[in-house]
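Summary of structural features
Here are the chains, one letter per residue:
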Amino acid sequence: MTRSRITGLLGLVWFLMTIAAIVYATRLALVVAPTEATMGNVQRIFYYHVPTSMLSLLFPYVNFGASLCYLYWRSRDPLKALTADAVAISSAEVTVVYATICLLTGMLWGRAAWGIWWTWDARLTSMLLLWLLYVSYLMLRKLSATGQSHTLAAVLSVFAAIDVPIVYMSIQWWRTQHPAPVFFGGPDTGIDASMKPAFGYNVLGGRCGEYSSWVFATCSNVGVKTLSRTQYCVRLTPGVSS
């Protein structure tokens, strides 16, 4: 069996596992998990909002690492630089998708819990800033002058990554309207044991879906960049002029 067929088979198996995890997690969240005593069925947004919030903070650092690799390799090894750049942009795309879901589900939950769609809370504001930074990253890739977008976006990703720990620590550094940490916040925090399977499988399903989306986006970006690979390498290779 050729390597491409093995890769395709593994991709199919991973895709089916992802679908199975998402379907099972949805059943646990909407049917099996008990109804929360205070908020009722509205609380089930928790099983989607919190996992996507957590997962939206992972790929900014993939973007950050890939951008540093691009900056290092762009004159030393243009082929590696181009691959790192493809990984960086696909990571930004996945981050925007998950941060968008996080903000939308948070607004739905906030409307039910607080009676308002939005408040300039520390957690909400820092998360919105993270979303804006990565939307700006993608816009910069589209709108900046040819030959400059890679470097400018890589520099922007360094500043965007700084916001990730601020988002994570915001509800510990500032006590505003957003609830305290559900996990790792102290002995009095946490969720009931009967709710943990639905939460855990939604994290698993979201993680599988995020990874699948990232791999697909990376492969697509690498394929697109291959069209200009020769010109790109000639332009960046020291001592060679186009």
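This is a predicted model, so every value here is computed, not measured.

The next thing to look at is the overall build of the protein. In terms of regular secondary structure, the protein is built from eight helices and zero strands. N-terminal to C-terminal, the α/β element order of the protein is α-α-α-α-α-α-α-α. Of all 242 residues assigned to the protein, the portion counted as buried reaches 38%. Sequence separation of at least 24 residues holds for 74% of the intrachain contacts in the protein that already meet a minimum separation of 6. Summing over all exposed atoms, the protein offers an accessible surface of approximately 13500 Å²; the carbon and sulfur share of this is 70%.

Moving on, we get to the confidence of the model for the protein. When pLDDT is averaged along the protein, the result is 81, and 83% of the positions lie at 70 or above. The secondary structure element of the protein with the lowest average pLDDT is helix α8 (residues 229-236), at 45, and the one with the highest is helix α3 (residues 59-73), at 91. Below pLDDT 50 for its whole length, residues 226-242 participates in 19 contacts with residues either more than four positions away or in separate chains.

With that settled, consider the side chain of S91. Take S91: it is sitting in helix α4 (residues 78-114). Under the relative-accessibility criterion, S91 is labelled buried at 0%. In this view, S91 contacts F59, V62, N63 and W214; residues no more than four positions away in its chain are not counted.

A few words on the packing of aromatic side chains. One pass over the full model with this rule turns up 11 aromatic pairs. Note on W14 and Y211: the rings are 5.4 Å apart at their centroids and 70° apart in plane angle, and the pair reads as edge-to-face. Separated by 197 residues along the polypeptide, W14 in helix α1 (residues 3-32) and Y211 in helix α7 (residues 196-226) bring together distant segments of the chain. Judged by its relative accessible area of 32%, W14 falls in the partly exposed class. Geometrically, the ring pair formed by W118 and W120 is edge-to-face, given 5.5 Å between the ring centres and 80° between the ring planes.

In this structure the tally under the stated criterion is three salt bridges. Among the ionic pairs, D77 bridges to K80, the shortest N-O distance being 4.0 Å. We classify K80 as partly exposed; its relative accessible area is 42%.

So, how was this worked out
- Residues numbered from 1 in each chain as written.
- Predicted model: local features only at pLDDT ≥ 70, side-chain atom pairs only at ≥ 80, totals over all residues.
- Heavy atoms only, no water.
- Helix = DSSP H or I, 4+ residues; strand = E, 2+ residues; numbered from the N terminus.
- Buried < 20%, exposed > 50% of the residue type's maximum accessible area, 1.4 Å probe, protein only.
- Contact = heavy atoms within 4.5 Å.
- Areas by Shrake-Rupley, 256 points an atom, 1.4 Å probe, with all protein chains shown as cover.
- pLDDT = per-residue confidence, 0-100.
- Phe/Tyr/Trp six-rings, centres within 6.5 Å; stacked < 30°, edge-to-face > 60°.
- Salt bridge = Lys/Arg side-chain N within 4 Å of Asp/Glu carboxyl O.

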